[in-house]
Amino acid sequence: MEALFAMTLGVLTASGVYLLMRARIYPVVMGLTLISYAVNLFLFAMGRLDTGVPAVIGKSAEYGDPIPQALVLTAIVIGFAMTAFVVVLSLRALGELRTDHVDGEEPR
């Protein structure tokens with residue numbers, strides 16, 4: 001299972017970096033989103049979640065650690081807000097510069 005997590009993290013990160021290197025707005029936004037997903041999966045996997053234990057401290061001797069879940073939930077909310085901000089910023093740049101190239105100039 002760890003190998004699957006490692007390969008998934010590697011594929012998500014590599015795809016995100018590849019898309020960030022593109023020179024158009026949409027691939028850059030998608031690359032940031034993929035890297036955000038990779039970070040969320042990394043945080044969740046590093047929490048070493050146990051199966052069959054209650055999520056809240058109660059009558060059981062063991063309980064699930066809520067910190068990784070809280071970190072991932074917070075990262076999802078922040079990632080959604082940043083994606084919305086980048087999309088609005090890119091639409092504004094597209095309207096003013098009349099191109100979707102990230103530096104505002106079409107390649108020759």
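All of these numbers come straight from a predicted model, not from anything done at the bench.

Asks: Residue-level account of unusual backbone geometry, with values.
Replies: Here arginine 98, not a glycine, exhibits a phi torsion of approximately 60°, which is positive. Within the element layout of this structure, arginine 98 appears in the segment after α3 (66-97). A residue is classified by how much of its surface remains accessible, and arginine 98, at 69% relative accessible area, is exposed.

Asks: Now, about the pattern of salt bridges: what can you tell me, with residues and values included?
Replies: The final tally for this structure, using the stated rule, is two salt bridges. The closest approach of N and O atoms between aspartate 100 and arginine 24, which form a salt bridge, is 2.8 Å. Placement of aspartate 100 in the segment after α3 and of arginine 24 in the loop between α1 (2-20) and α2 (25-45) is noted, with a sequence separation of 76 residues between them. Residue classification places arginine 24 among the partly exposed positions, given a relative accessible area of 28%. The partner of arginine 92 in a salt bridge is glutamate 96, and the shortest N-O contact between them spans 2.7 Å. Taken together, the residues span about one helical turn, with arginine 92 and glutamate 96 both in helix α3 at a distance of four residues. The pair formed by arginine 92 and glutamate 96 is uniform in burial state, with each residue classed as exposed.

Asks: Outline the UniProt feature "transmembrane region" (unreviewed entry) in the protein, listing residues and values.
Replies: Listed under "transmembrane region" (unreviewed entry) in the UniProt record, and renumbered for this structure, are residues 6-21, 28-47 and 67-91. Between the end C-alpha atoms of residues 28-47 there is a gap of 29 Å, over a span that is 90% helix and 0% strand. A distance of 36 Å separates the end C-alpha atoms of residues 67-91, which is 100% helix and 0% strand.

Rules used in this analysis
Residues numbered from 1 in each chain as written. Predicted model: local features only at pLDDT ≥ 70, side-chain atom pairs only at ≥ 80, totals over all residues. Heavy atoms only, no water. Helix = DSSP H or I, 4+ residues; strand = E, 2+ residues; numbered from the N terminus. Buried < 20%, exposed > 50% of the residue type's maximum accessible area, 1.4 Å probe, protein only. Salt bridge = Lys/Arg side-chain N within 4 Å of Asp/Glu carboxyl O. UniProt positions renumbered as here; feature names shortened; annotations may be inferred.

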